[in-house]
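Examination of the molecular architecture
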Amino acid sequence: GAGVSQSPSNKVTEKGKDVELRCDPISGHTALYWYRQSLGQGLEFLIYFQGNSAPDKSGLPSDRFSAERTGGSVSTLTIQRTQQEDSAVYLCASSLVRGKAEAFFGQGTRLTVV
Amino acid sequence: DQQVKQNSPSLSVQEGRISILNCDYTNSMFDYFLWYKKYPAEGPTFLISISSIKDKNEDGRFTVFLNKSAKHLSLHIVPSQPGDSAVYFCAAGAGNQFYFGTGTSLTVIP
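Before going into details, it helps to say that this report is about the structure given with it. Quick caveat: nothing in here was measured; it's all calculated off a predicted structure.

1. Focus on the interface of chain B and chain A
The interface of chain B with chain A comprises 18 residues on the first partner and 21 residues on the second. Taking both partners together, chain B and chain A bury about 1,600 Å²; carbon and sulfur atoms supply 57% of that area. Across the contact surface, chain B and chain A share zero salt bridges. Between chain B and chain A we count three residue pairs in polar contact (both at pLDDT 80 or more) in total.

So this is what it looks like as structure tokens:
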């Protein structure tokens, strides 16, 4: 596709359930980021993938959060045992090179934990 | 602790006038700065960037100014148009990680 694609666009889940959020980056982009935006907050960095290097997981808020990127392309963000404070818009972005290049964002997945 | 701050949550400007959006950061190691624009229900889209070796970057109606000593950057939109109405995020960082502000909602009044 032409842009970064995320699915689902909306997800409502019950507290305690696990969720998986998917990101298809722009073809050829080696860098992939996950951010989240909680209500009234800025974009919070979660995790960064660059090529085959070990991901930068420094932004993951707890061990309930994990992410993987298969084949250097599609990425999945998994949240286990969801809590109400996990409710947010989860945004994925990709860029052609690491660091100093603008990242292209997907439309986000709005997660609501009830 | 917010490393990038946008202290004005909203701004209203008349069409044709200048919009000035401000952003402050705390980490003097940040060497690259970006502005993103976000419409409702869409992901942010890149607008303009500046590296720390410059103090100004211009792209059409959009100009970003960087004051490293004050750890401050601003985005000027001249002239403002109704289609510019959106939430504007500034981002700052170094290397892999970028930190975003909380955004400023700009409304351009026709």
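2. Topic: the nonpolar core
With 23 residues, the main nonpolar core has B:F33, B:W35, B:L73, B:L75 and B:Y88 as its most contacted residues. When contributions to this core are tallied by element, the ones reaching two or more residues are β3 (19–25), β4 (32–38), β5 (45–51), β7 (62–67), β8 (72–77), β9 (86–94) and β11 (104–109) of chain B. Examining the composition of this core, we find that four residues originate from one element, β9(B), more than from any other. Leave out the neighbours within four places in its chain, and B:F33 touches B:Y25, B:I48, B:S49, B:I50, B:S52, B:L66, B:L73, B:A91 and B:A92. Grouped together as the second largest cluster of nonpolar side chains are 20 residues, A:L21, A:I26, A:L32 and A:V113 included.

3. Regarding the sheet that holds strand β3 (residues 19–24) of chain A
Strand pairing in a sheet relies on backbone hydrogen bonds, with the paired strands running either antiparallel or parallel. Residue and element names in this part refer to chain A. Here four strands make up an open sheet; going across it, the order is β1-β3-β7-β6 and the pairing antiparallel. With partners counted over all chains shown, the strands left at the sheet margins are β1 (5–7) and β6 (65–69), one partner each. Averaged over all neighbouring strand pairs, the angle between strand axes comes to 15 degrees, with direction disregarded. Pairing of β3 with strand β7 (residues 75–79), which is carried by five bridges, proceeds in the antiparallel orientation. Within β7, the position partnered with E20 by the bridge is T78.

4. Thoughts on the sheet that holds strand β6 (residues 56–59) of chain B
All names here are of chain B. Within the open sheet, the five strands sit side by side as β1-β3-β8-β7-β6. Their pairing is antiparallel. The open sheet has two edge strands with one neighbour each: β1 (4–5) and β6. Examined bridge by bridge, β6 and β7 share four bridges and lie antiparallel to one another. The residue of β7 that forms the bridge with K56 is F65.

5. A word on the packing of aromatic side chains
Inspection of every chain in the model, using the stated rule, returns 13 aromatic pairs over all chains. Ring centres of A:Y33 and A:Y48 lie 4.7 Å apart, and the angle between their planes is 50 degrees; this geometry places the pair in the tilted category. Taken together, the residues A:Y33 in strand β4 (residues 31–37) and A:Y48 in strand β5 (residues 43–50) connect sequence positions 15 residues apart. A residue is classified by how much of its surface remains accessible, and A:Y33, at 3% relative accessible area, is buried. Take A:Y48: its relative accessible area is 2%, and that puts it in the buried class. Ring geometry for B:Y25 and B:F30: centres 6.1 Å apart, planes at 40 degrees, overall tilted. Note on accessibility: B:Y25 and B:F30 belong to one class, buried. Taken together, the ring pairs connect A:Y33, A:Y35, A:F45, A:Y48, A:F105, B:Y36, B:F46 and B:F100 into an aromatic cluster.

Thresholds applied
- Residues numbered from 1 in each chain as written.
- Chains lettered and ligands numbered in written order.
- Predicted model: local features only at pLDDT ≥ 70, side-chain atom pairs only at ≥ 80, totals over all residues.
- Heavy atoms only, no water.
- Contact = heavy atoms within 4.5 Å.
- Buried area = accessible area lost by both parts, 1.4 Å probe.
- Salt bridge = Lys/Arg side-chain N within 4 Å of Asp/Glu carboxyl O.
- Polar contact = N/O pair within 3.5 Å; in protein donor to acceptor, adjacent residues only side chain to side chain.
- Core = buried A, V, L, I, M, F, W, Y, C linked by side-chain atoms within 4.5 Å.
- Buried < 20%, exposed > 50% of the residue type's maximum accessible area, 1.4 Å probe, protein only.
- Helix = DSSP H or I, 4+ residues; strand = E, 2+ residues; numbered from the N terminus.
- Pairing = 2+ DSSP bridges.
- Axes fitted to C-alpha atoms, helices over the stretch in contact; angles between N-to-C directions.
- Phe/Tyr/Trp six-rings, centres within 6.5 Å; stacked < 30°, edge-to-face > 60°.

From the geometry alone we can't say anything about function, so treat these as descriptive.
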